[in-house]
Amino acid sequence: MSTSMHCWRGIILLGGPGSGKGTQATLLAQKLGVAHISTGDLFRQNIKLETPLGKLAKAYIEKGELVPDDVTVSLVQERLKRPDCANGFILDGFPRTIAQADALNRVLADMQLSLTAVLNLRVAPEVLVDRLSRRWTCKSCGAVFPEFSLPPRAGCKKDICDGELYQRPDDRPETQRHRIEVYHEQTAPLEAYYAARGLLIQIDGEGSIESVHQRIIEAVRCKD
Ligand code: AMP
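Because the structure is predicted, anything quoted here is derived from the model rather than measured. (Residues numbered from 1 in each chain as written. Predicted model: local features only at pLDDT ≥ 70, side-chain atom pairs only at ≥ 80, totals over all residues. Heavy atoms only, no water.)

Trainee: Can you explain the sheet that holds strand β7 (residues 165-166)? Please cite residues and give values.
Mentor: Reading across from one edge, β6-β5-β7 is the order of the 3 strands in this open sheet, with antiparallel pairing throughout. Edge strands, defined here as strands with exactly one partner in the open sheet, are β6 (144-145) and β7. (Pairing = 2+ DSSP bridges. Helix = DSSP H or I, 4+ residues; strand = E, 2+ residues; numbered from the N terminus.)

Following this line, the structure appears as structure tokens:
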């Protein structure tokens, strides 16, 4: 790894539900030594702990709708102040609307920071639906297992975890299509938004996890 991989970076990963954002954000955050901030994971943790935020978010998430912007922006604003963001961050699942992107600009400007790059993971719609219907998640550690077409019999095998695997309620077929529609209506316009600011990099999100990771590393290296 070159030493240039350690400079400060603020990166956004855009992509539809099932595009591999979470998997790729985890790998990239490890590689760059920056914080991985997934708004979906933050909401799911709050739902599990039954916090007031979790109760509010649950109603939206289970319908495949977006959680309101003000709530989501405050959550991210607080998260960006944590010490693990000192070397930078990968935002996974945020922003999802133009209003969130405008708010993020203001939050970063207040912190005297600016974005390094916005990576858009491009995956064909039929591949997204197929991936979502085969995705199982660990109830304990949140690890994602993309390979099952039927409910898996064994539990989570990530590290020493033995958590129960479940299909996220919002990954079920009836909700999936709605999430993809919401993505096209509310989130896809962010591509033009960030392209106009010279930050957008298109990444082919199809193929193996490792090959997509390599494409992302190359793209990020070019921003040095
Ligand atoms: P994800 O894990 O990124 O697929 O997010 C799961 C769900 O959490 C989404 O379908 C939304 O309901 C909610 N969510 C996550 N991030 C955001 C966001 N930036 N704005 C609004 N809702 C969000």
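Now that the structure has been shown, the text picks up again.
Trainee: Outline the site of the ligand, supporting the account with residue identities and numerical values.
Mentor: By nearness alone, 16 residues border the ligand, and Thr39, Glu65, Gly93, Arg96 and Gln100 come closest of all. Contact between the ligand and Thr39: a nitrogen atom at 2.7 Å from a side-chain N or O atom of the residue. Glu65 has a polar backbone atom sitting 2.6 Å from an oxygen atom of the ligand. Among the residues making up the shell around the ligand, the classes are represented as 5 nonpolar, 5 polar and 6 charged. (Near = heavy atom within 4 Å. Polar contact = N/O pair within 3.5 Å; in protein donor to acceptor, adjacent residues only side chain to side chain. Nonpolar A, V, L, I, M, F, W, Y, C, P; charged D, E, K, R; others polar.)

Trainee: I'd like to hear about the sheet that holds strand β8 (residues 200-204), residue by residue, with values.
Mentor: The parallel open sheet is built from 5 strands, whose spatial order is β2-β3-β1-β4-β8. The outermost strands of the open sheet, each flanked by one partner alone, are β2 (35-38) and β8. Taking each pair of neighbouring strands and ignoring which way they run, the sheet shows an average axis angle of 20°. Here 5 bridges tie strand β4 (residues 117-122) to β8, and the two strands are oriented parallel to one another. Residue pairing across strands places Asn120 opposite Gln202, the latter belonging to β8. Contacts from helix α2 (residues 39-48) reach β2 and β3 (88-92), with the element oriented near 70° to β2. Docked against the sheet, helix α9 (residues 209-221) engages β1 (9-14), β4 and β8, running at close to 155° with respect to β8. (Axes fitted to C-alpha atoms, helices over the stretch in contact; angles between N-to-C directions. Contact = heavy atoms within 4.5 Å.)

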